[in-house]
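Residue-level listing of the chains:
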Amino acid sequence: MELSTRRVDNVPGVQKRSTSIKISMYAAAPEEEISLDEFELFALDRLQLLRGIESLKTRGIDGAELNTKLNQLENKYMPMRTREQIGDNRKDQISHFILRLAYCWNEDLRRWFLTHESHLFKFRLDRLSDQDRADFMIANGLSFEQLSSEAKTDLKDKLIGLAGVEESKFPSAIYYKVPFALALSLIGSRSVYLERGFAYVPLSKLVSIITSKFKIHLTRSLAEAAHMFEPVSSDPRIGALLKNMSKQYVGKDFTASKTSALDKLYPEQVDEAAERHMPLCMKYLHSNLKRDGKLKHWGRLQYGLFLKGAGLELENAILFWQSFFTKVMSADAFSKQYAYSFRHMYGKEGSRKNYTPFSCYKIIMGTPPEPGAFHGCPFRHMPDNQLAAQLEALKMPSSEVQELVRTAKSGNPQIACQRHFDWAHPGHQTMVVEGGGRLAEAANHPNQWYQSSVLYYRTKNGISSTSSASVKSETPPAGGVGSAEAVAPSVEATG
Ligand code: SF4
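The rules we used
- Residues numbered from 1 in each chain as written.
- Predicted model: local features only at pLDDT ≥ 70, side-chain atom pairs only at ≥ 80, totals over all residues.
- Heavy atoms only, no water.
- Helix = DSSP H or I, 4+ residues; strand = E, 2+ residues; numbered from the N terminus.
- Buried < 20%, exposed > 50% of the residue type's maximum accessible area, 1.4 Å probe, protein only.
- Contact = heavy atoms within 4.5 Å.
- Areas by Shrake-Rupley, 256 points an atom, 1.4 Å probe, with all protein chains shown as cover.
- Near = heavy atom within 4 Å.
- 1 Å grid on protein atoms, 1.4 Å probe; cavity = no way out; pocket = protein on both sides within 12 Å on 5 of 7 lines; lining within 4 Å.
- Sits in = over half its atoms within 2 Å of the grid points.
- Nonpolar A, V, L, I, M, F, W, Y, C, P; charged D, E, K, R; others polar.
- Axes fitted to C-alpha atoms, helices over the stretch in contact; angles between N-to-C directions.
- Parallel < 35°, antiparallel > 145°, perpendicular 65-115°, else oblique.
- Left-handed = near helix turned anticlockwise from the far one by under 90°.
- Pairing = 2+ DSSP bridges.
- Lys, Arg positive; Asp, Glu negative; His and termini not counted.
- Salt bridge = Lys/Arg side-chain N within 4 Å of Asp/Glu carboxyl O.
- Polar contact = N/O pair within 3.5 Å; in protein donor to acceptor, adjacent residues only side chain to side chain.
- Phe/Tyr/Trp six-rings, centres within 6.5 Å; stacked < 30°, edge-to-face > 60°.
- Lys NZ or Arg CZ within 6 Å of the ring centre and 35° of its normal.
- Points joined across faces, edges and corners; volume = space filled by probe spheres on them.
- pLDDT = per-residue confidence, 0-100.
- Core = buried A, V, L, I, M, F, W, Y, C linked by side-chain atoms within 4.5 Å.

Looking at this model, I keep getting lost on the overall build of the chain. Mind explaining?
Of the regular secondary structure elements, the chain holds 22 helices and 6 strands. Per-residue burial for the chain yields a buried fraction of 51% across its 495 residues. Here the analysis covers contacts within the chain between residues at least 6 apart in sequence; of these, 70% occur between residues at least 24 apart. For the chain, the exposed area adds up to about 22,400 Å²; of that, 51% sits on carbon and sulfur atoms.

Shown next, in the form of structure tokens:
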């Protein structure tokens, strides 16, 4: 089946993309036919790339290490090999426009896409030679005024020393005159010379100014695309993919059949596992289940599938849930009203679909908890004071609590969650785990958080992943995961 992509925007004054330059402002959507397979493949590869960038940022990686890892990510998912590789440019262009459409229809999605596309853009722009950067600016109508030789000579004393341009390199250096307001980010680092409302900027320092322009352009384009989302997403061939793109989880599948002791969980271990190894979202669900003897629909689904991914098998899951629900209802009522839904989760009823545990994306972007419900991501959905109380209950120092609440509030729930993991597992960044690698980044998937935590304690205590030792036999390190239970809120569960 052939599919025609559509133009979603056109920015006046910006020239059409040049296929000879390995970076783009994505001013005009490609107009060509592509297959549905390519449509999906390109979109998912770009999604992996952007999520990889998010993951690197979440882990606080920057500088040369960030560039090296970004390079590896790009080569894996969206290689931009040589100037002649039209195929690479094509994939880059098409995938950008598909994701632009998929991420245009609400504020959170737009912010996410803008943030990570801008990182990618800046990384690529930084990497260009001065000449390629100048070519890119010309090709994209970024018409800053270049200083003539005479003007440059007149300002020589002011310009030498800016952004590391020494006297010996001054004759070949290129400078631009840009409006002062566009160069604000460079003033603090003394990378520009200011005079009469203009900033004189070395070519190498134009990156942040061009990236600002890119962000302005992309912000506007996302708003324009949002107006087109309804008609485009009503196309049955691509509608479901576009609407669900942000919830696509592209990491490890936690429903795969498990064999090692690490991947088995028994009802009597869940309480302790919640205390030591679960991320805040699951600790919170667990403590409310214990308190109320039940959870509402989304809470059962989020926690039930998490426990399934953590290795709680169906029979044990029924025993586990029954032990709580029968505090507020008879065994018969549990059996009639709820046992079916747990068997359904394990693919034993109804459509017999093997449901996968929710990823952080799905939880963060999913239905927010209504009063009396406890699902969702605490770093995204909890009021600040409640989140702070949850973290304080883990014995986290108040300065760290404030920092995490600030991070969560600024729209970075996964960064805050990763910091929670870092605090709870001191030294994990340098720990070499069984098999020779490092612990996987935790705040992508609650089950990854859990597995990384279990692996951390096993490594710390010299327990092999093939050993039959249970999570109970491990000893948490001092200053590690707090022993206090997550604080239950005062609202009553009703459903
Ligand atoms: Fe749970 Fe993910 Fe939120 Fe962490 S970021 S609390 S693992 S949903």
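Would you mind going over the site of the ligand with me for this structure?
Near the ligand the following residues occur: Pro279, Cys281, Cys360, Ile363, Cys377, Pro378, Phe379, Gln414, Cys417 and Pro446. More than half of the atoms of the ligand fall within 2 Å of the grid points belonging to the largest cavity. Going through the elements one at a time, helix 17 (360–365), helix 18 (378–381) and helix 21 (413–424) are the ones with two or more residues in the shell around the ligand. Residues that form the shell around the ligand fall into these classes: 9 nonpolar, 1 polar and no charged.

Hey, could you run me through the packing of helix 1 (residues 36–58) against helix 2 (residues 63–77) in this one?
In helix packing, the relevant descriptors are the interaxial angle and the interaxial distance, both defined with respect to the helix axes. Two elements in contact, helix 1 and helix 2, have axes separated by 9 Å at closest approach and are oriented at 165 degrees. Comparing the axis directions of helix 1 and helix 2 gives the class roughly antiparallel. Pair helix 1 / helix 2 crosses with right-handed handedness. Contacts from Asp45, Gln48, Leu49, Gly52, Ile53, Leu56 and Lys57 of helix 1 reach helix 2 at Leu66, Lys69, Leu70, Leu73, Glu74 and Tyr77.

Just to check I follow, could you spell out the sheet that holds strand 6 (residues 198–202) for this structure?
By definition, the strands of a sheet pair up through backbone hydrogen bonds, in either a parallel or an antiparallel sense. Within the open sheet, the 4 strands sit side by side as 3-4-6-5. Their pairing is antiparallel. A strand with exactly one partner marks an edge of an open sheet, and here the two such strands are strand 3 (145–146) and strand 5 (193–195). Pairing geometry for strand 4 (residues 175–179) and strand 6, over 5 bridges, is antiparallel. Across the sheet, residue tyrosine 175 finds its bridge partner in strand 6, namely proline 202.

Would you mind showing me how to read the side chain of glutamate 54 here?
Tracing the backbone through its elements, the reader meets glutamate 54 in helix 1. We note that glutamate 54 is buried and unpaired, the nearest opposite charge coming from arginine 51 at a distance of 5.6 Å. Here tryptophan 112 takes part through its side chain, which lies 3.0 Å from a polar atom of the side chain of glutamate 54. Discounting residues that sit within four places of it in the chain, glutamate 54 has contacts with Trp112, His116, Tyr361 and Gln414.

Mind showing me how you'd approach the packing of aromatic side chains here?
Centre distance and the angle of the planes are the two values used to describe a pair of aromatic rings. What the rule picks out here adds up to 25 aromatic pairs. With a centroid separation of 5.9 Å and 80 degrees between ring planes, the pair formed by tyrosine 303 and tryptophan 321 is classed as edge-to-face. Taken together, the residues tyrosine 303 in helix 13 (residues 297–309) and tryptophan 321 in helix 14 (residues 314–325) connect sequence positions 18 residues apart. Under the relative-accessibility criterion, tyrosine 303 is labelled buried at 0%. Where tryptophan 321 meets phenylalanine 342, the ring centres are 4.7 Å apart and the plane angle is 20 degrees; that geometry is what we call stacked. Of this pair, tryptophan 321 sits in helix 14 while phenylalanine 342 sits in helix 16 (residues 339–345), and the two are 21 residues apart along the sequence. Across the pair, phenylalanine 342 and tryptophan 321 agree in class, each one buried. Put simply, the rings of Tyr303, Phe306, Phe320, Trp321, Phe324, Phe325, Phe334, Tyr338, Phe342 and Tyr450 touch in pairs and so form one group of aromatic residues. Lysine 152 extends its terminal NZ or CZ atom over the ring of phenylalanine 170, reaching a point 5.0 Å from the ring centre. Over the aromatic face of tyrosine 346 sits the side chain of lysine 308, whose NZ or CZ is 5.4 Å from the ring centroid.

Would you mind showing me how to read empty space enclosed by the protein here?
Over the atoms rolls a probe the size of a water molecule, and in doing so it shows where empty space is left. In total, this model carries 4 cavities of 30 Å³ or more according to the counting rule given. Here the largest cavity is characterised by a volume of approximately 110 Å³. Forming the boundary of the largest cavity are 16 residues, of which Cys281, Cys360, Cys377, Cys417 and Pro446 lie nearest the centre. Here the residues of the lining of the largest cavity sort into 14 nonpolar, 2 polar and no charged.

Please explain the confidence of the model for the chain as it appears in this structure.
Caution applies to low-pLDDT regions: their predicted coordinates should not be interpreted in detail. Mean pLDDT for the chain: 82, with 84% of residues reaching 70 or above. Note on residues 472–495: pLDDT under 50 across the span, and 72 contacts to partners over four residues away in sequence or across chains.

Looking at this model, I keep getting lost on the nonpolar core. Mind explaining?
Ranked by size, the top nonpolar core spans 66 residues in total, and within it Met278, Tyr303, Leu307, Trp321 and Phe379 carry the most contacts. Sort the elements by how many residues they give to this core and helix 14 lands first, with 7 residues. If sequence neighbours within four positions are ignored, phenylalanine 379 has contacts with Leu280, Leu387, Leu391, Leu404, Ala408, Pro413, Ala416, Cys417 and His420. If you look at the next biggest cluster of nonpolar residues, it comprises 65 residues, including Ile34, Cys104, Val192 and Val201.

Can you walk me through the environment of leucine 280 in this structure?
Position of leucine 280 among the secondary structure elements: in helix 12 (residues 280–292). Measuring from C-alpha to C-alpha, the distance between leucine 280 and phenylalanine 379 comes to 8.5 Å, with 99 residues separating the pair along the chain.

Even after reading the chapter, I still don't get the pairing of strand 4, so can you show me in this structure?
Where a strand is regular, its side chains alternate between the two sheet faces. Looking at chain direction, strand 3 and strand 4 are connected through 2 bridges and run antiparallel. Following the sheet pairing, glutamate 145 is matched in strand 4 by lysine 177.

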